[in-house]
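Chain and residue survey
Listed here are the chains, written in short residue letters.
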Amino acid sequence: MGSVTATVAPPTHTNVTRWFRTFGAIVASGFRRQATYRQAAVAGVVTNTVFGFLRCYIFLAVAGAAGTVAGYDRAQLATFVWAGQGLLAVILLWGWTDLADRIRTGEIASDLLRPVHPVTSYLATDLGRAGFAALSRLLPPVLIGPLFFDVYLPRRWATVALFALSVLVAVVLCFGCRFLVNATAYWLQDVRGAMILWTLGSGVLAGLYFPLRFLPEWLQLVLWYATPFPSLFQTPLDVLVERDPAPTQVGLVGLQVAWAVLILAACRLVQRRAERRLVVQGG
Amino acid sequence: MAETLAEPARPAEADRASGGLAAYRALLRAQARSQTAYRTSFVVDLVGNVGATVFDVVTVLVLFGVTTELGGFTLREALVIVGISSFAFATADLLVGNIERLPRYVRTGLFDAVLVRPLGALPQLLLMDLPLRKVSRALFGLAVLVVAVTSAGIDWTPGRLALVVVAPVAAVVFFGAVFVTTATVSFYWIDSGELANSVTYGGRDFTSYPITVYDGWFRALFAYGMGFAFVSYHPALALLGRADPLGLPAWVGWTAPGVALVAAAVAAVAWRVGIRHYRSTGS
């Protein structure tokens, strides 16, 4: 029989169509699961809107009379803030502890018995969740912002497609980061420490508190190349507001893809390592 | 201490008061013991909590890295506003912020257990998980406030010396009142958790900047509708001896304690009405 863990490749030849069908079904169930929390979505939109106003006014004040700061004009800043408030719930920077909870309670055992790799099935669920969030959480702030502020609309058609791709990659990358943070539960009993570090680091280093372009040039380079954080949040928004010429935009998204591949590979590696030492308690 | 809790309520009023105090002390001591039981976790929590406030201050410094004035205020002046706001929010969050958990207590039915005990419901809730880890945050806020007021070149008079002590305390009371008032919404709407955040954390962000950066009905609503202008902006103007660019007279800065008392009264009424409205979820 050998190993029964899901990460070991099944002996028979994999049927690609069936794989996609399974993946699609998990995505759909992730979408439906989120759709049941409608009140929470409304409360979330109100909060995003309040913070949209706050951040937008503050960044506009930073632009001041000159009207530009760090390469953004006033309209670009407004779009950055309002699209960012919507994007926050789509990539889901904070508040995901599903995997850590299941590891702690031992329920992870049933995930390991399934014929789908845990990283794949959790990713599929997360894509479904992000899909619902794109409708319920991204759209409202993007529609509310322009009612009160002059916003910037993309001038190049390619930007719209590139933005959609960039958001998708950001969701996958953010999922990978969250998976890694949660997976520390395999080794640590209490993931709170890892979770706190992630919450703190991701907020400020991803560009949520202020656009990272406000920082000195050398620090920006370090952040973009040495950490995945700017690729989570700042990059999709910079693409949307056309902060850079088209070739740079493509380059930024390429960097994002590289980080996503790297982090997902790390997820699979960590999962493989964890399964070798995991002892599920209880009966 | 367990005996004190188990003893039946005695008829004499004075005895009951001292018994109540002893019970509260026992609750507090038990909390302190349980929270510091896992040393490493507690230290990680202390560090993690200070991080959030540190980044709020770092954000202000970064913004002033790309501009020399924000809403007509220099960095030194703005730091006085940030200092009052950070200290007051962190301290109120330490003392009263726990009330955020009320929705969970209502949903799980734990609130029923709280109500049948012969102690006040509000003090019990606050002491039940007094988050000692947040002490680090309050101390950091205090440090920022001290540095800010000593480096802002304030022309010290006896009145201003009194104000520099009274205003932050009033701000703590104000934020505490905001925490309690917003939490009472969950008596009517259980899933309101994030909605409360928009006023509590939104209020913190709002009071971290001179209100001149905001505009229109949004400023009117937060600054004077909810009273957040009296937390840090007007007291800071009075300390700095600056006229209000928005035209309110100089004495407004001295009304902060009065506004805080009004807010506390509103919170008390909201709490009483909320408790009376409360119907158990039955779970």
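Residues numbered from 1 in each chain as written. Chains lettered and ligands numbered in written order. Predicted model: local features only at pLDDT ≥ 70, side-chain atom pairs only at ≥ 80, totals over all residues.

Scanning chain A from terminus to terminus reveals 12 helices and two strands. Ordered by position in the sequence, the α and β elements of chain A form the string α-α-β-β-α-α-α-α-α-α-α-α-α-α. Reported as C-alpha extents along the three principal axes, the dimensions of chain A are approximately 70 × 40 × 40 Å. Put simply, of all contacts in chain A between residues at least 6 apart along the chain, 82% involve residues at least 24 apart. (Helix = DSSP H or I, 4+ residues; strand = E, 2+ residues; numbered from the N terminus. Contact = placed C-beta atoms within 7 Å.)

What follows is about the overall build of chain B. From N to C terminus, chain B includes 13 helices and zero strands. Walking chain B from its N terminus toward its C terminus, one meets helices and strands in the order α-α-α-α-α-α-α-α-α-α-α-α-α. What you see for chain B is a C-alpha radius of gyration of 21 Å, in line with the 19 Å of a compact globule of 283 residues. In terms of overall dimensions, chain B has C-alpha extents of about 60 × 40 × 35 Å along its principal axes. Each of the 283 residues in chain B was classed as buried or not, and the buried ones make up 40%. (Rg over C-alpha atoms; globule rule 2.2 N^0.38 Å. Buried ≥ 20, exposed ≤ 12 C-beta atoms within 10 Å, placed from the backbone.)

So, on to the interface of chain A and chain B. Tallying the contact residues gives 28 residues for chain A and 30 residues for chain B. Within the residue set of the side of chain A that touches chain B, elements represented by two or more residues are α2 (38-63) and α8 (192-205) of chain A. A total of 14 residues in the side of chain A that touches chain B trace back to one element, the largest contributor, which is α2(A). Among the residues making up the side of chain A that touches chain B, the classes are represented as 20 nonpolar, six polar and two charged. (Nonpolar A, V, L, I, M, F, W, Y, C, P; charged D, E, K, R; others polar.)

Residue and element names in this part refer to chain A. Mapped onto the fold, D126 is located in helix α6 (residues 118-148). C-alpha separation for the pair D126 and S29, spaced 97 residues apart in sequence, amounts to 9.9 Å. Those residues in contact with D126 that sit more than four places away from it in its chain are G30 and F175.

Residue and element names in this part refer to chain A. Two elements in contact, α2 and α6, have axes separated by 10 Å at closest approach and are oriented at 40°. Where α2 crosses over α6, the handedness of that crossing is right-handed. Side by side, α2 and α6 meet where A41, G44, V45, N48, T49 and G52 of the first sit next to S136, R137, P140, P141, I144 and G145 of the second. In the contact of α2 with α6, the residues fall into five nonpolar, six polar and one charged. (Axes fitted to C-alpha atoms, helices over the stretch in contact; angles between N-to-C directions. Left-handed = near helix turned anticlockwise from the far one by under 90°.)

Turning to the domain arrangement of chain B, a few remarks are in order. Residue and element names in this part refer to chain B. Each domain of chain B was delimited in the assignment, giving domain 1 (1-37) and domain 2 (42-277). Using C-alpha coordinates to define each centre, domain 1 is positioned 30 Å away from domain 2. Residue-level contacts link 10 residues of domain 1 with nine residues of domain 2. A per-class count over the side of domain 1 that touches domain 2 returns six nonpolar, four polar and no charged. (Domains from an automatic or database assignment.)

Moving on, we get to the packing of helix α4 (residues 75-95) of chain B against helix α12 (residues 233-240) of chain B. Residues and elements named next belong to chain B. Where α4 contacts α12, the axes come no closer than 9 Å and their chain directions differ by 135°. By the angle class used here, α4 and α12 are oblique. Taken as a pair, α4 and α12 cross one another with a handedness that is right-handed. Here α4 contributes E77, V80, I81 and I84 to the contact with α12, which in turn contributes Y233, P235, A236, L239 and L240. Its residues assigned to classes, the contact of α4 with α12 comprises eight nonpolar, no polar and one charged. (Parallel < 35°, antiparallel > 145°, perpendicular 65-115°, else oblique.)

Residue and element names in this part refer to chain A. A rise of 1.5 Å per residue sets the reference length of helix α1 (residues 16-35), with its 20 residues, at 28 Å; its end C-alpha atoms lie 29 Å apart and thus fit the reference within 8%. Buried within α1 we find I26, G30 and Q34. Around the axis of α1, the buried residues are gathered within 75° of arc, so they sit on the same side. Turned more than 90 degrees off the buried face of α1, the exposed positions are T17, R18, R21, A25 and R32. (Expected span 1.5 Å × (residues − 1). Arc of directions from axis to C-beta.)

Across chain B, the average pLDDT comes to 86, with 91% of residues at or above 70. Scored below 50 in pLDDT, residues 1-11 of chain B shows 12 contacts in the model against residues more than four places distant or in partner chains. (pLDDT = per-residue confidence, 0-100.)

Glycine aside, negative phi is the norm for most residues, and most peptide bonds take the trans geometry. All names here are of chain A. With a phi close to 50°, A70 is a non-glycine residue in the positive phi region. Note that A70 resides in the loop between β1 (68-69) and β2 (72-73). With a phi angle near 50°, E242 is a residue other than glycine that sits in the positive phi range. By secondary structure assignment, the location of E242 is in the loop between α11 (234-240) and α12 (246-277).

Residue and element names in this part refer to chain A. With respect to the element layout, C177 can be found in helix α7 (residues 157-183). Of the residues examined, C177 has 24 C-beta atoms within 10 Å and is grouped as buried. Along the sequence, C177 and V46 sit 131 residues apart, while their C-alpha atoms lie 27 Å from each other.

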